[in-house]
Amino acid sequence: MRLGIDIGGTKTAAVAIGADGELSDQIRMPTGFGAEAVVATALRTVERMTELAGGTSSFTSIGIGIPGAVDSATGRVEHAVNLGLEGLDLGPRLADRLGVDVRVENDVKAAAVGAHHLLGIADGIRATSMAYLNLGTGLAAGVVLDGRLLRGGHGVAGEIGHIPIDPARVLCGCGQRGCLETVASGLAIARTWPSNSEHPARELFDAAEAGDARAIAVREQFLAGVAAAVRLLVLTVDVDAVVIGGGLAALGGPLLVGTRRILNRWAAESAFLASIDLANRVQVIPPGFPAAAVGAALVGEDPWLKSSS
Ligand SMILES: [Zn+2]
């Protein structure tokens with residue numbers, strides 16, 4: 001059994017993949033804050049999954065997806081601000097304790113591998129190339145090209161949230177102005193649609209649907225940012241599919257329909273864009289798909305993913 005663990009800012013999820021590819025039940029638990037607490041969370045997750053698997057230590061490999069700058073060759077993670085991590089040799093620390101190889105990958109890249117795998121099963125076909133567009137608090141993408149995870153020379157491949165696109169030049173957390181992330185992300189919605197709702201994006205989309213003129217303007221600006229991200233990914237790496245995931249993917253149909261509407265409008269104005277059919281390449285990940293944990297399990301085991309860095 002291959003174990004995959006997705007360590008998120010507030011919760012940690014885990015799933016195991018059996019020899020014939022079947023998925024175990026997924027478990028979730030709160031993530032601790034700070035280096036020692038994150039290590040303890042991972043160890044407790046392995047313990048729980050071992051119990052569920054029958055009590056024997058039956059994992060042939062362990063992979064972990066975690067936010068931040070991850071060196072997948074060494075298993076070190078840095079700058080995971082939401083987890084209170086400045087630097088942690090997570091892979092070696094866990095391998096020492098568990099006696100099994102532990103691979104670590106950036107969470108969005110792991111989710112890209114998982115979405116590629118799960119959608120390949122769901123569709124009965126495997127798109128050879130796919131981008132996973134993570135719309136969460138921030139915006140980033142993971143790219144699987146010709147069946148291989150694209151890491152780039154320093155793991156930066158896919159950090160498209162920090163490409164400046166917006167003439168309004170709002171200051172981004174990265175220090176630049178007008179980054180894509182300042183237009184299309186949870187942070188962007190929090191700034192443009194201040195709300196006490198538990199789900200501000202849902203509230204925004206509902207208000208726009210009900211005809212609120214200001215909500216419509218804010219929603220359209222957001223959707224134009226999402227559409228720009230899709231266009232950017234296709235024009236740079238020509239992926240067959242752009243799969244939207246992350247917390248904002250819970251918007252579901254209205255997010256997909258709105259993004260396609262804007263892409264179709266652009267296509268009506270540009271024969272070039274019409275020819276590359278952006279609207280039909282975009283989709284939203286189905287609810288409940290454990291993409292990041294499954295991807296972590298695959299990254300933990302799969303030799304060609306290991307060697308693609
Ligand atoms: Zn930025």
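Residues numbered from 1 in each chain as written. Predicted model: local features only at pLDDT ≥ 70, side-chain atom pairs only at ≥ 80, totals over all residues. Heavy atoms only, no water.

(A) Up close: the pattern of salt bridges. Counting across every chain of the model gives seven salt bridges. Taking the shortest distance from any N to any O, the salt bridge between Arg76 and Glu78 comes out at 2.8 Å. The partly exposed category is assigned to Arg76, whose relative accessible area is 28%. According to the relative accessible area criterion, Glu78 is partly exposed, its value standing at 30%. Between Glu220 and Arg219 there is a salt bridge; the shortest N-O distance is 3.1 Å. No difference in accessibility class separates Glu220 from Arg219, as the two residues are buried. A single network of salt bridges, built from pairs that share partners, joins Arg76, Glu78 and Asp89. (Salt bridge = Lys/Arg side-chain N within 4 Å of Asp/Glu carboxyl O. Buried < 20%, exposed > 50% of the residue type's maximum accessible area, 1.4 Å probe, protein only.)

(B) Here's a closer look at the coordination of the zinc ion. Coordination of the zinc ion by the protein comes from His162 (ND1), Cys172 (SG), Cys174 (SG) and Cys179 (SG), over a distance range of 2.0 to 2.3 Å. Angles of 104 to 125° at the metal separate the four donor atoms of the zinc ion, which places the site in the tetrahedral class. Each donor residue of the zinc ion belongs to the same chain, and together they define the spacing H-x9-C-x1-C-x4-C. Exposure remark for Cys174: the relative accessible area of 38% places this residue in the partly exposed category. (Donors = N, O, S within 2.8 Å, 3.2 Å for Na, K, Ca; no water. Tetrahedral: all angles 85-135°; square planar, octahedral: opposite > 155°, others 65-115°.)

(C) Geometry of the pairing of strand 2 (residues 11-17). The buried count for strand 2 comes to six of seven residues, which makes it a mostly enclosed element. Bridge count between strand 1 (residues 2-7) and strand 2: six bridges; the pairing is antiparallel. Each residue of the ladder has a partner; that of Gly4, found in strand 2, is Val15. Counting the residues in the hairpin turn of strand 1 and strand 2 gives three residues. (Helix = DSSP H or I, 4+ residues; strand = E, 2+ residues; numbered from the N terminus. Pairing = 2+ DSSP bridges.)

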